[in-house]
Amino acid sequence: MDKIATRDAYGKTLLELGSQNNNIVVLDADLSKSTKTNEFAKAYPERFFDMGISEQDMIGTAAGLATCGKIPFASSFAVFATGRAYDQIRDSICYPNLNVKIAATHAGLTVGEDGATHQALEDISLMRSLPNMTVITPADGTSAKALIKLAAEHKGPVYIRLGRPSVPVIYQDTQQFQIGKGIKLKEGKHISIIAAGIMVSKALEAADALQKEGITAEVIDIHTIKPIDKDLIIDTARKTGRVITCEEHNIYGGLGSAVCEVLSENYPVRVKRIGVKDTFGESGTPDELLKKYGLTSEDIVMAARELL
Amino acid sequence: MDTKELQKIANQIRIDIIEMTYEAQSGHPGGSLSAADILTVLYFHEMRVDPNNPRWEDRDRLVMSKGHATPVWYAALAEKGFIPREEIKTFRKINSRLQGHPNMNDTPGVDMTTGSLGQGLSAANGMAIAGKLDNKDYRVYVILGDGECQEGQIWEAAMTAAHYKLDNLTAILDHNGLQIDGPNKDIMNIEPIEDKWKAFGWHTIRIDGHNIGQIINAIEEAKTTKGKPTIIIADTIKGKGVSFMENQVGWHGTAPNKEQMEKAITELKERGERIG
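Residues numbered from 1 in each chain as written. Chains lettered and ligands numbered in written order. Predicted model: local features only at pLDDT ≥ 70, side-chain atom pairs only at ≥ 80, totals over all residues. Heavy atoms only, no water.

Visitor: Quick rundown of the overall build of chain A? Include the residues and the values.
Guide: Within chain A, the secondary structure is distributed over 13 helices and 14 strands. A compact globule built from 308 residues would reach a C-alpha radius of gyration of about 19 Å, and chain A, at 18 Å, matches this within 12%. Dimensions of chain A along its principal axes, counting C-alpha atoms only, are 60 × 40 × 35 Å. Here chain A holds 308 residues, and 62% of them are scored as buried. Accessible surface computed for chain A: about 11500 Å², of which carbon and sulfur atoms make up 47%. Across chain A, 35 positive and 39 negative side-chain charges occur, with their mean positions spaced 3 Å apart. (Helix = DSSP H or I, 4+ residues; strand = E, 2+ residues; numbered from the N terminus. Rg over C-alpha atoms; globule rule 2.2 N^0.38 Å. Buried < 20%, exposed > 50% of the residue type's maximum accessible area, 1.4 Å probe, protein only. Areas by Shrake-Rupley, 256 points an atom, 1.4 Å probe, with all protein chains shown as cover. Lys, Arg positive; Asp, Glu negative; His and termini not counted. Charge placed at Lys NZ, Arg CZ, Asp CG, Glu CD.)

Visitor: I'd like a rundown of the sheet that holds strand S7 (residues 230–235) of chain B, residues and numbers included.
Guide: Residue and element names in this part refer to chain B. The five strands are arranged S1-S2-S3-S7-S6 in an open sheet whose pairing can be described as parallel. The open sheet has two edge strands with one neighbour each: strand S1 (61–64) and strand S6 (203–208). Direction aside, neighbouring strands of the sheet carry axes that sit 20° apart on average. Where strand S2 (residues 140–145) meets strand S3 (residues 169–175), six bridges bridge the pair, whose relative direction is parallel. (Pairing = 2+ DSSP bridges. Axes fitted to C-alpha atoms, helices over the stretch in contact; angles between N-to-C directions.)

Visitor: Please provide a residue-by-residue account of the packing of aromatic side chains, values included.
Guide: All names here are of chain B. The full count for this structure, using the stated rule, is eleven aromatic pairs over all chains. Note on Tyr74 and Phe91: the rings are 5.8 Å apart at their centroids and 75° apart in plane angle, and the pair reads as edge-to-face. With a gap of 17 residues between them, Tyr74 in helix H4 (residues 70–80) and Phe91 in the loop between H4 and helix H5 (120–133) connect regions that are remote in the sequence. By the burial criterion, Tyr74 is buried, and Phe91 matches it. On the basis of an interplanar angle of 70° and a centroid distance of 5.8 Å, the ring pair of Phe244 and Trp251 is categorised as edge-to-face. (Phe/Tyr/Trp six-rings, centres within 6.5 Å; stacked < 30°, edge-to-face > 60°.)

Visitor: Tell me what's going on with the domain arrangement of chain A, and back it up with residues and numbers.
Guide: Residue and element names in this part refer to chain A. Split by domain assignment, chain A resolves into domain 1 (3–168) and domain 2 (183–307). For domain 1 and domain 2, the distance between their C-alpha centres works out to 25 Å. For the pairing of domain 1 and domain 2, the buried interface totals around 2400 Å² over both sides, and the portion due to carbon and sulfur atoms is 58%. Viewed at the interface, domain 2 and domain 1 are joined by one salt bridge. In this structure, Glu261 and Arg128 form a salt bridge, with 2.8 Å as the shortest nitrogen-oxygen distance. Remark: the boundary between domain 1 and domain 2 carries 18 residue pairs in polar contact (both at pLDDT 80 or more). (Domains from an automatic or database assignment. Buried area = accessible area lost by both parts, 1.4 Å probe. Salt bridge = Lys/Arg side-chain N within 4 Å of Asp/Glu carboxyl O. Polar contact = N/O pair within 3.5 Å; in protein donor to acceptor, adjacent residues only side chain to side chain.)

Visitor: Could you give an account of the pairing of strand S14 (residues 270–276) of chain A, naming the residues involved and the relevant values?
Guide: Residues and elements named next belong to chain A. Sheet topology places strand S13 (residues 242–250) next to S14; six bridges connect them, and they run parallel. Its bridge partner lying in S14, Ile244 is registered against Lys272. Handedness of the crossover is the feature at issue here: the chain leaves S13, passes through helix H11 (residues 255–266), returns alongside S14, and the resulting connection is right-handed. (Right-handed = clockwise from strand over helix to strand, strands pointing away.)

Visitor: Mind laying out the packing of helix H1 (residues 3–24) of chain B against helix H10 (residues 258–275) of chain B, listing which residues take part and the relevant values?
Guide: Residue and element names in this part refer to chain B. Packing of H1 against H10 brings their axes to within 10 Å, and their N-to-C directions diverge by 175°. Judged by the angle between their axes, H1 and H10 are roughly antiparallel. Together, Lys4, Gln7, Lys8, Asn11, Arg14, Ile15, Ile18, Glu19 and Tyr22 of H1 and Lys258, Met261, Ala264, Ile265, Leu268, Lys269, Arg271, Gly272 and Ile275 of H10 make up the contact between the two elements. Classifying every residue of the contact of H1 with H10 by side-chain character gives eight nonpolar, three polar and seven charged. (Parallel < 35°, antiparallel > 145°, perpendicular 65-115°, else oblique. Contact = heavy atoms within 4.5 Å. Nonpolar A, V, L, I, M, F, W, Y, C, P; charged D, E, K, R; others polar.)

Right under this line is the structure:
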């Protein structure tokens, strides 16, 4: 299976967007080699602004640019892009509903060796509680590319959550995406696995393993956490009656919480949430961390067995 | 418009500030009165704006980074014709377009939403960068509070403006020396404030922020200063124009009662007559 990091997809997509639309401008906070905005910087230096290590100012500047018709992509690591600049995102972007895209790379545990200070495990929670904000977590390079393009066309604030390591390619280039519409990757009748980001490929692996035990799992990629695809979530719960959510994020406030909100109000079923269980991470390789914190396909399989 | 006429407008704006905060029984008269002369010069002498087309692309922009000073801004916008005069009575009331702190989507003429201190200069920088990218000749003005300069983001933004040589940007510091808890020098000293901005690469001008002529000249000097942003440090008096409010910390965010309102308006009207 091919592998590509969603941040690499971001860098390439920015180049395409930059050639198509002069209003696309890119800001970074001294991490352009890691966030991959350096490719845009080389191609369109006049539309690239390195803001130095000042995320709050970067977000505010992006807001000002947006009031003048620019489409700024403000980029940094997820932990700094959200937590460090939360008040600026809230008051300078979301309240006035400005057309700013926040592209946050290095989200979740898979930042790896940098440890807890660099592992954003609460960014989805922070961003999805802000009115006007759209929250997108692509599962692979193909979906990242498509969803970043859709984000550029969308009018209003968008948070795009991207990862550091290469992840398996799930989608064909021909796959259609729509903001707010999840994708059913696998039909099943015994259990539903609703995943986002890098956990989608783990969910698919888990579904394959379960199939060997005669259990068919429905696998759904909720690439847009907000607005969330309520219909798809309710439909699959109605069909299988059991739901597992999977995310590289704290179990509080992210995808699991969002799915529980939809189900408890519309079609209550039992839910098990795979995610980081309200703790900080630590240094380690991405795979070691996913294992230690319970985010592997085996963890999903075990959760399924418990639910059945 | 001559100086005398501008002084008259500033005086009317001060009357409106008192009426607005009295009507609302809420709001920030002190730091609004201190900025009345500055906003008067901006709107009635300097800025290229069109009240009939508030989102005109080529307009000069104003960001009120000290977002609590809405009374002075709304009064100036009403005076200029952006909002109907009678609407200022709805200030801070439910369903009003005149929110306690400015929201660009509610009020015509408000170019940026502010309220959480320290954010306005960054937004103004973004507007100035966009102006340069688009080869537009509009100018961007941002009103800063002195207490607000305690926010770290102000200095991040100060670096950005100098780094990107934003000479189409003018910051005006309403330097009245007082913040909610007391004098700046006792709460968190910001001095030497002019040296700080100089050290950050800005052209600085120091003026009496209640002298119309000095405000006009400073803005003119800023416009002709190339290659760097300009900050006008305007020494002002909090509560300026109302004797019992002047230099009083307590009037930062307190509305006058009926008696105080009447006393203030009588004073201001007498002042207006003295201008002639």
